[in-house]
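Single-letter residue listing:
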Amino acid sequence: MNNSADFVLKHSGYFVKAIASQDADILQPLYEQCREFFILADGVEPAPTAARDEFDDVPDGKTPEDVYSFGLFDVQNTLLGAIVGVRDYPDRQTWWIGLMMLAPEYRSRGLGSDFYKAFENWVSARGVCRISLVVIAANELGLRFWAKMGFEVEREIPSRQYKAKTHDVYVLSRSI
């Protein structure tokens with residue numbers, strides 16, 4: 001599948017492009033900027049290899065080639081946000097979002113919503129019918145964001161281990 005991204009955002013001055021696994025080092029500074037999420041979820045700061053590991057951490061039956069990553073950039077080509085996940089999972093009509101991040105100083109401006117909506121429009125144009133993801137119960141801001149985007153809780157997965165922490169997890173989905 002061609003991974004080229006040509007997303008249109010309501011916010012002018014921003015663009016989206018695909019980030020390949022060999023360019024994971026582009027993502028690592030964003031992971032470090034978003035360290036509070038990793039501390040909330042994992043209980044530890046992101047590892048120096050966290051971005052690289054994202055491309056290798058795939059569900060059963062998938063390969064690293066099934067991982068997609070899209071970056072949100074400003075006109076200076078600075079990475080401000082990312083959406084990383086697995087295509088065609090858990091079925092061929094669904095794409096899974098493993099992680100969506102936005103640099104802290106760009107939050108609460110509507111940019112994250114526009115980024116997600118542009119991503120949704122892009123995958124919808126390619127025949128995807130559903131987007132799914134998980135949110136840990138402790139991530140109240142994340143739950144509110146995804147509910148605002150039209151996601152609904154599909155099921156709860158109790159007590160899942162995330163490095164140094166254990167969380168109840170919600171699986172959320174949205175038909176598109």
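Just so it is clear, the model here is predicted, and its values are computed rather than measured.

Peer 1: Mind showing me how you'd approach the sheet that holds strand β1 (residues 14-18) here?
Peer 2: Two modes of strand pairing occur in sheets, parallel and antiparallel, and in both the strands are linked by backbone hydrogen bonds. Pairing within the open sheet is mixed, and its seven strands lie in the order β1-β2-β3-β4-β5-β7-β6. Because the sheet does not close on itself, it has two edges, and the strands there are β1 and β6 (152-162). Here the strands of the sheet are splayed against their neighbours by 25° on average, with no regard to which way each runs. Across the sheet, helix α1 (residues 24-33) touches β2 (67-74), β3 (79-86) and β4 (94-102), and the angle it forms with β3 is around 105°. Taken strand by strand, helix α5 (residues 140-148) contacts β4, β5 (130-136) and β7 (165-175), and its axis lies near 160° from that of β5.

Peer 1: Sorry, what's going on with the packing of helix α4 (residues 111-124) against α5 here?
Peer 2: Between two packed helices, what matters for the description is the angle formed by their axes and the separation of those axes. Packing of α4 against α5 leaves a shortest axis separation of 11 Å and a crossing angle of 55°. One element, α4, and the other, α5, form an angle in the oblique class. Judged by the sense of rotation from one axis to the other, the crossing of α4 with α5 is right-handed. Here Gly112, Ser113 and Tyr116 of α4 lie close against α5, whose contacting residues are Phe145, Trp146 and Lys148.

How each quantity is defined
The residue count restarts for each chain, going from 1 along the sequence in the order it is written. Whole-chain, interface and lining totals are the exception, using all residues; otherwise, since this is a predicted model, local features are given only for residues with pLDDT of at least 70 and side-chain atom pairs are given and counted only at 80 or more. Hydrogens and waters are ignored; side-chain quantities use all the structure's heavy atoms. In this description, strands pair whenever DSSP reports at least two bridges between them. Think of it this way: any DSSP run of H or I at least four residues long counts as a helix, any run of E at least two long counts as a strand, and we number them from the N terminus. What counts as an axis is a line fitted to C-alpha atoms, over the stretch in contact for a helix, and the angles between N-to-C directions run from 0 to 180 degrees. Note on definitions: a residue-residue contact is assigned when non-hydrogen atoms from the two residues lie within 4.5 Å. Any angle between 65 and 115 degrees counts as roughly perpendicular, while under 35 counts as roughly parallel, over 145 as roughly antiparallel, and the rest as oblique. Less than a right angle of anticlockwise turn of the near helix away from the far helix marks a crossing as left-handed, whereas a clockwise turn marks it as right-handed.

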